[in-house]
Amino acid sequence: MENMINKLEMIDTSSLVDRVEMNLIELLVKKNLKVGNAIPTEIELAGALGVSRSVIREALVRLRMIGLIESKKHRGAIITNPDLLALLEKRMIPQVLDDGTLREIFELRLVLEIGMADLIMERVTPEQIAELKKIVANEPTHTESYQFQIQHEITFHGKLYEISGNETLKKFQKMLLPVFDYVHKSGLLKKDAVVRKFVSHKGLVDIIEHGSAEMLRNGMRSHLENHFARLFH
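Since we're looking at a predicted model, the values are computed, not measured.

Participant: How should the nonpolar core be read in this particular structure?
Facilitator: Burial of nonpolar side chains together is a common tendency in soluble globular proteins. Core analysis: the biggest nonpolar cluster contains 22 residues, and I120, L132, F156, L160, I208 and L216 have the highest contact counts within it. For this core, the secondary-structure elements that each account for two or more residues are α5 (99-115), α6 (117-123), α7 (126-137), α8 (150-164), α10 (201-210) and α11 (213-232). Apart from the residues within four sequence positions on either side, L160 is in contact with M116, I120, L132, I208 and M220.

Below, the structure is given as structure tokens:
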């Protein structure tokens, strides 16, 4: 009976910390605190929310874990700019993802890389085009019907994310690299391509140099849909 009571108390405490965590975030928003601003002390927060300092302390630990606050010497806790992908990256374990989730991740990649077309065409420089040509020069010939290799994909598409100039996109691509590597090693890529002809990396470079954003979107769709066909059909 005593053990059951202790378990109930633990559940109640956890629930309280959950609520206080959300209340803290709401309080910081209402105070219009910005990155670099110091937050109220534990005593002030405990008084404002009507809970103990130990509950406040545990809720603050959670805010630190998501990168919303950090401790500074002589200043206490301050608001920080959270890394939007940090927590997701820690949970991106490809070995425990089922085929459906892998498919959704690749669909997400398809959407992102098609959507990057405007950014790439707007921001690409002649020097970057030369770098892309150098990358694809090391790839096998007849790549329009060649099963892609993971290192070719990482190098080429990583460069496209870099050209986009979007730091969040670049971080997201790096976060997904273990997933791509796992898929490559798992044997899922051994299926023959259903789409026998598709736009190769060399074809994409030609579009980037001479084409339009719309042409790049269509080319990227053709390029990546072939990967889907190999993985899931």
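Following the structure, the description resumes.
Participant: Before we go on, may I ask you to explain the packing of α7 against α10 in this structure?
Facilitator: Angle between the axes and distance between the axes: these two values describe a pair of packed helices. Between α7 and α10, whose axes approach to 10 Å, the crossing angle comes to 165°. One way to sum up the angle between α7 and α10 is to call them roughly antiparallel. Our pair here, α7 against α10, has a crossing hand that is left-handed. Two secondary-structure elements touch here, α7 through I129, L132, K133 and V136 and α10 through H201, K202, V205, I208 and E209. Along the lines of polarity and charge, the residues of the contact of α7 with α10 split into 5 nonpolar, 1 polar and 3 charged.

Participant: It is not clear to me how the environment of H157 should be interpreted in this structure. Could you clarify?
Facilitator: Looking at the element boundaries, H157 is found in helix α8. Note: C-alpha distance between H157 and E113 (44 residues apart in sequence) is 8.6 Å. Filtering out sequence-adjacent residues up to four positions away, H157 remains in contact with R109, E113, Q173, H201, M220, H223 and L224.

Participant: Before we go on, may I ask you to explain the pattern of salt bridges in this structure?
Facilitator: Note that side chains of opposite charge can pair when their charged atoms are close. Within the structure shown, the criterion is met by 12 salt bridges. Of the charged contacts in the structure, one is a salt bridge between E42 and R53, with a shortest N-O distance of 3.3 Å. Here the residue E42 occupies a position in helix α2 (residues 42-49), and R53 occupies one in helix α3 (residues 53-65), the gap between them amounting to 11 residues. A salt bridge links E209 to K133; the shortest N-O distance between them is 3.0 Å. In this pair, E209 sits in helix α10 while K133 sits in helix α7, placing the two residues 76 residues apart along the sequence. Take E209: its relative accessible area is 33%, and that puts it in the partly exposed class. Taken together, the salt bridges that share partners define one network made up of D18, E21 and R62.

Participant: Explain α5 here, please?
Facilitator: Note: α-helices contain 3.6 residues per turn, so residues at a spacing of three or four share the same orientation. With 17 residues, α5 extends 24 Å between its outermost C-alpha atoms, agreeing within 8% with the 24 Å of an ideal straight helix rising 1.5 Å per residue. Two or three places before T101, at the opening of α5, D98 has a side-chain oxygen 2.7 Å from that residue's backbone nitrogen.

Procedures and definitions
- Residues numbered from 1 in each chain as written.
- Predicted model: local features only at pLDDT ≥ 70, side-chain atom pairs only at ≥ 80, totals over all residues.
- Heavy atoms only, no water.
- Core = buried A, V, L, I, M, F, W, Y, C linked by side-chain atoms within 4.5 Å.
- Buried < 20%, exposed > 50% of the residue type's maximum accessible area, 1.4 Å probe, protein only.
- Helix = DSSP H or I, 4+ residues; strand = E, 2+ residues; numbered from the N terminus.
- Contact = heavy atoms within 4.5 Å.
- Axes fitted to C-alpha atoms, helices over the stretch in contact; angles between N-to-C directions.
- Parallel < 35°, antiparallel > 145°, perpendicular 65-115°, else oblique.
- Left-handed = near helix turned anticlockwise from the far one by under 90°.
- Nonpolar A, V, L, I, M, F, W, Y, C, P; charged D, E, K, R; others polar.
- Salt bridge = Lys/Arg side-chain N within 4 Å of Asp/Glu carboxyl O.
- Expected span 1.5 Å × (residues − 1).
- Polar contact = N/O pair within 3.5 Å; in protein donor to acceptor, adjacent residues only side chain to side chain.

Bear in mind that shape data such as this cannot, by itself, settle questions of function.
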